[in-house]
Amino acid sequence: MPFLSKWSLRLILACIGCAGLTPFQVTAADPAAGQLLEGVPCTADASQSYALYLPSSYDPARTWPVLYCFDPRARGARAIGCFQEGAEKFGYILVGLNNSRNGPWEANRSAIEAVLRDTHSRFSINRARLYTAGMSGGARVATRLGLAGLTAGNFSGYWMGIG
């Protein structure tokens, strides 16, 4: 069984490639840098959300690498929590999906597409430095997405954990 069907891969890559190019502009209602937020709803689909950590030095005038994290029980904040100190030190945006969990790929694909579309339209992301990570069933999702993105030139790497 292939990692992704041609249709799924094209749709995911289209979301990445066609995401908005306008950098995220900070307003009072927007996420605060230096804080871990547990439930940021996707603008186009409020049923999808993610945990977010922007380093305290976040500035939309430059582009930032992103680590997309997956938890087998859709606990986005838990998925990114262990990376927060490193993200602050090395200047990474962390995104943990709240709707990607163990189960059918279709639900994971929908969550991934919504979050990729949202983060690429809201934040100033370095598209050459996209990474995935996960533990247990989240590692399967991270690996699947990472391998598909690596072969298409969209992701720089992935990390998986066994647990």
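So, a few notes on the structure that sits alongside this text. In this text, all values refer to a predicted model and were calculated from it rather than measured experimentally. (Residues numbered from 1 in each chain as written. Predicted model: local features only at pLDDT ≥ 70, side-chain atom pairs only at ≥ 80, totals over all residues. Heavy atoms only, no water.)

### Some points on the environment of G81
Stage number 1. As for its position among the elements, G81 is in helix α2 (residues 76-81).
Stage number 2. Here G81 falls in the partly exposed class, since its relative accessible area comes to 35%.
Stage number 3. Sequence separation between G81 and L94 is 13 residues; the distance between their C-alpha atoms is 8.9 Å. (Helix = DSSP H or I, 4+ residues; strand = E, 2+ residues; numbered from the N terminus. Buried < 20%, exposed > 50% of the residue type's maximum accessible area, 1.4 Å probe, protein only.)

### Focus: the packing of aromatic side chains
Stage number 1. The full count for this structure, using the stated rule, is three aromatic pairs.
Stage number 2. Judged by centre distance (6.4 Å) and plane angle (80°), the rings of Y58 and F123 are edge-to-face. A residue pair is termed long-range when its members are at least 10 positions apart, and Y58 in the loop between β2 (49-53) and β3 (64-70) and F123 in the loop between α4 (105-122) and β5 (125-135) qualify at 65 residues. Residues Y58 and F123 agree in their burial class; the two are buried.
Stage number 3. A centroid spacing of 6.0 Å and a plane angle of 50° characterise the contact between Y92 and Y131, whose relative ring orientation is tilted. In this pair, Y92 is assigned in the loop between α3 (84-90) and β4 (93-97) and Y131 in strand β5, connecting sequence segments 39 residues apart.
Stage number 4. For Y131, a relative accessible area of 21% puts it in the partly exposed group.
Stage number 5. Taken together, Y58, W64 and F123 form an aromatic cluster joined through their ring pairs. (Phe/Tyr/Trp six-rings, centres within 6.5 Å; stacked < 30°, edge-to-face > 60°.)

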